[in-house]
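Structural overview for review
What follows is the residue order along each chain.
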Amino acid sequence: MNDIATISYVQPAYSPAAAKALARKPQLFINNQWVDSSHGALIEVEDPSTGRIVSHVVDASPADVDRAVAAARAAFDDGRWSGLPPMARERIINRLADLLEAHADEFAELEAIDNGKPKAMAGAVDIPGAISQLRFMAGWASKVAGETTAPYAMPAGTVFSYTVKEPVGVCGQIVPWNFPLLMATLKIAPALAAGCTLVLKPAEQTSITALRLADLVVEAGFPAGVVNVITGLGHISGDRLVKHPDVDKIAFTGSTEIGKVINRNATETMKRVTLELGGKSPVVILSDVDVAQVAAGAAGAIFFNSGQVCVAGSRLFAHKSVFDSVLEGMAATAPFWAPRPALDPAAHMGPLVSKEQHDRVMGYIAAGKRDGASVVMGGDAPATDGGYYVNPTILANVNPQMSVVREEIFGPVVVAQRFDDLDEVAKMANDTCFGLGAGIWTRDVSAMHKLAAKIKSGTVWGNCHAIIDTALPFGGYKQSGLGREQGRAGVEAYLETKTVIIQM
Ligand code: NAI
Ligand code: MG
């Protein structure tokens, strides 16, 4: 505990490379060029570890979006990207991965400054993850293929029929602030492998690494107009992208609330839509576990990235025989997860991304207390002068009606409940409008499989949490999303199937 009392909330100095990236002129990346906005509006870039303004980015106008879409449209329609040999597309995507790798330390620092996540976490998770997205998807450029299929109701030899996979076209890709670069590459990699062109819009809170990525897009050798990056507000530039008649597909990661708005708005022009939305993922702990080990795992499931993770293990269900000892074990991790400035090498958890998110999370904690939840750990914010820190929090004595149990908090807050048998806990775990991820901890193989079958979610983890791999499909059941990203499914989501039937 001494540990926590002596934390310094002073953010260490930025490196020259990071300072240079923050000092760049606010511009948009269209047609492989840095261009001014049609108007002067800017968005402040804040360091959430301090609350200080450290840069500005363009708040793109609808006219700016139109210019970016026109560039992507022209680049798609003349085939300068989709018409390249797959080998060439693969090589260029891999070159972007190489450049990212060469600048990994700078990207990790920029992500830490912009988002508030510890630099070490960004360096261990975000940046290598982003590189993997590009490398894995690059190979699909040459593996996408249709098939030859004989018709069912016609005599053999009367027609020749086959399918071809073609790129969907111009993609609008809208990403959130929790894993800025990772989400950006997760979106652009399959689109590029498929032969699409795109306009990427990072979140207004965290645009810096997407802009820096655009520098590398030119260096990697992408033809002009294939990748365009516009920074701006969701309801202005994001909305224009979603409604633009020349955009063929929207890929979005963010809140369920905005996902629904986007899906409705995209319907008018019948755009293809993939949505990765919110969650309230259960972590189920059976009675046979090694409590110390599992408690540490359950703490990591919620406190990693300050709980700002779509699959955060935010609802803990522990068997009544281990409930108290699991909570004790989790509470013992408080010093490890105590929030610190993102560039502090000792940090495992940073501040939340913004004042808005900080106030939102503190509001949920207050509501939980008002509704009668008891605080097992945290439940407050450390006293600092600036920065958006929230202490890792465990709430118990909760019931399924409370907002802290029902709604996505997107902060370091877990609600703990006890259960008796498998059917009961499956029902409790499924009592949510979300279905993104679920963790099950047990050594009982048959209980593991029984529960995995009962839980309605896009991913189920056994004795781990939040392992996300670019080769494995990822997405949500219920209101957690539409479609799948990553793996073969991820590239398929950027392809149309054309059926050709030729009478002989
Ligand atoms: P958001 O869903 O509003 O923003 C995500 C992205 O969508 C941003 O790039 C934003 O500019 C864009 N956007 C917003 N409104 C739009 C619109 N009308 N049309 C097109 N694009 C639009 O999320 P926000 O406001 O940053 O966070 C609010 C809550 O959403 C969080 O507290 C959290 O609960 C949840 N969230 C969940 C995420 C997840 O991965 N599941 C990621 C981010 C937020
Ligand atoms: Mg919003």
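Worth saying up front: this structure is predicted, and the values here are computed from it rather than measured.

Another point: the packing of aromatic side chains. Counted under the stated rule, the structure contains nine aromatic pairs. On the basis of an interplanar angle of 55 degrees and a centroid distance of 6.2 Å, the ring pair of F303 and W337 is categorised as tilted. Remark: W337 occurs in helix α13 (residues 334–337) and F303 occurs in helix α11 (residues 291–303); sequence separation between them is 34 residues. The pair F303 / W337 is uniform in exposure class, with both members buried. An aromatic cluster is present here, built from F303, F336 and W337 joined pairwise through their rings. Positioned above the aromatic ring of W34 is the side chain of R24, whose terminal nitrogen or guanidinium carbon lies 4.5 Å from the ring centre. The ring of Y494 has K249 lying over it, and the distance from NZ or CZ to the ring centre is 4.4 Å.

Counting residues in each nonpolar core, the largest one holds 101 residues, and the members touching the most others are L96, L100, L192, F222, I285, L316 and M330. The leading source of residues in this core is helix α7 (residues 180–194), at ten residues. Beyond its immediate stretch of four places on either side in the chain, M330 contacts A295, A298, A299, L316, M377, I394 and V414. V65, L241, F252 and I262 belong to the second largest nonpolar core, which has 25 residues in total.

A cluster of nonpolar side chains, F160, I502 and M504, forms an exposed patch at the surface whose accessible area comes to about 320 Å². Along the chain, M504 turns up in the segment after β19 (495–503). Classification of M504 by relative accessible area gives exposed; the value is 66%.

Let's shift gears to the pairing of strand β3 (residues 42–47). Side chains I43, V45 and D47 of β3 all project onto a buried face; the interleaved residues L42, E44 and E46 project onto a face where none is buried. Sheet topology note: the β3/strand β4 (residues 52–58) ladder contains six bridges and is antiparallel. Within β4, the residue paired with D47 across the bridge is R52.

Strand order in the open sheet formed by seven strands is β13-β14-β15-β12-β11-β16-β17, with mixed pairing between adjacent strands. Edge positions in the open sheet fall to β13 (374–377) and β17 (459–462), since each of these has one partner strand only. Going across the sheet, the axis of each strand differs from the next one's by a mean of 25 degrees, ignoring polarity. By the bridge criterion, four bridges tie strand β16 (residues 437–441) to β17 in an arrangement that is parallel. Bridge pairing in β17 places A438 opposite V460. Contacting β11 (282–285), β16 and β17, helix α17 (residues 445–454) crosses the sheet at an angle of about 165 degrees to β16.

Scanning the entire structure with this criterion turns up zero disulfides. With no disulfide of its own, C171 lies closest to C196 among cysteine sulfurs, the gap being 3.8 Å. Among the residues examined, C171 registers a relative accessible area of 0% and is labelled buried. C433 takes part in no disulfide bond, and the closest cysteine sulfur to it belongs to C310, at a distance of 14 Å.

This part takes up the pattern of salt bridges. Under the defined criterion, the tally for this structure stands at 25 salt bridges. A salt bridge links D420 to K320; the shortest N-O distance between them is 3.1 Å. In this pair, D420 is assigned in the loop between β15 (413–419) and α16 (422–430) and K320 in the loop between β12 (315–319) and α12 (323–331), connecting sequence segments 100 residues apart. According to the relative accessible area criterion, D420 is partly exposed, its value standing at 39%.

Right, let's talk about the site of ligand 1 for a bit. Not every one of the 27 residues close to ligand 1 is listed here, only the nearest: V175, W177, E204, S255 and R360. Taking E204, its side chain carries an N or O atom lying 2.5 Å from an oxygen atom of ligand 1. Relative to its unbound accessible surface of 800 Å², ligand 1 loses 91% to contact with the protein. Every element with two or more residues in the shell around ligand 1 is listed here: α9 (234–243), β9 (249–253), α10 (256–267) and α14 (355–370). Here the shell around ligand 1 is built from residues that sort into twelve nonpolar, ten polar and five charged.

This paragraph deals with α9. Every buried residue belonging to α9 is among S237, G238, L241 and V242, and all of these are buried. Taken around the axis of α9, the buried residues stretch over an arc of 140 degrees, which confines them to a single face. Lining the buried residues of α9 we find α3 (62–77), β6 (170–174), β7 (197–201), β9 and α10.

What counts, and where the lines are drawn
- Just so you know, the residues in each chain are numbered from 1, in the order the chain's sequence is written.
- Chains and ligands are labelled sequentially in the order written, the chains with letters from A and the ligands with numbers from 1.
- Note on the predicted model: pLDDT of at least 70 is required for a residue's local features to be given, and 80 or more for side-chain atom pairs to be given and counted; whole-chain, interface and lining totals, by contrast, use all residues.
- For side-chain calculations, the full set of non-hydrogen atoms in the structure is used, while hydrogens and water are omitted.
- Working definition: a ring pair exists when centres of Phe, Tyr or Trp rings (six-membered ring for Trp) sit within 6.5 Å. Plane angles under 30 degrees give stacked, over 60 give edge-to-face, the rest tilted.
- Put simply, DSSP H or I for four residues or longer makes a helix, DSSP E for two residues or longer makes a strand, and each gets a number counted from the N terminus.
- To sort residues, take the accessible area from a 1.4 Å probe on protein chains only and compare it with the maximum for the residue type: under 20% means buried, over 50% means exposed, and anything in between is partly exposed.
- Note on criteria: charge over ring means Lys NZ or Arg CZ within 6 Å of the ring centre, with the direction from the centre no more than 35 degrees off the ring normal.
- Buried residues of nine kinds, namely Ala, Val, Leu, Ile, Met, Phe, Trp, Tyr and Cys, make up a nonpolar core once their side-chain atoms join them within 4.5 Å.
- By definition, residues are in contact when any of their heavy atoms lie within 4.5 Å.
- In this analysis, a patch consists of residues with relative accessible area above 30% that form no salt bridge, clustered at 9 Å for like charges and at 5 Å for the nonpolar side chains Val, Leu, Ile, Met, Phe, Trp and Tyr.
- Each accessible area is a Shrake-Rupley estimate made with a 1.4 Å probe; only the visible protein chains count as cover when residues are assessed.
- We count a salt bridge whenever a side-chain nitrogen from Lys or Arg sits within 4 Å of a carboxyl oxygen from Asp or Glu.
- Two strands make a pair as long as DSSP finds a minimum of two bridges between them.
- Under this scheme, a helix contributes an axis fitted over its contacting stretch, all axes are lines through C-alpha atoms, and angles between N-to-C directions fall in the 0 to 180 degree range.
- For this text, the term disulfide refers to a pair of cysteine sulfurs within 2.5 Å.
- Residues are labelled near a given molecule or strand when at least one of their non-hydrogen atoms is within 4 Å of it.
- Two N or O atoms form a polar contact when they lie within 3.5 Å of each other; inside protein one atom must be a possible hydrogen donor and the other a possible acceptor, and for residues adjacent in sequence the pair counts only when both atoms belong to side chains.
- For this classification, the nonpolar set comprises Ala, Val, Leu, Ile, Met, Phe, Trp, Tyr, Cys and Pro, the charged set comprises Asp, Glu, Lys and Arg, and every other residue, Gly included, is treated as polar.
- Our arc is simply the arc of the directions from the helix axis toward the C-beta atoms.

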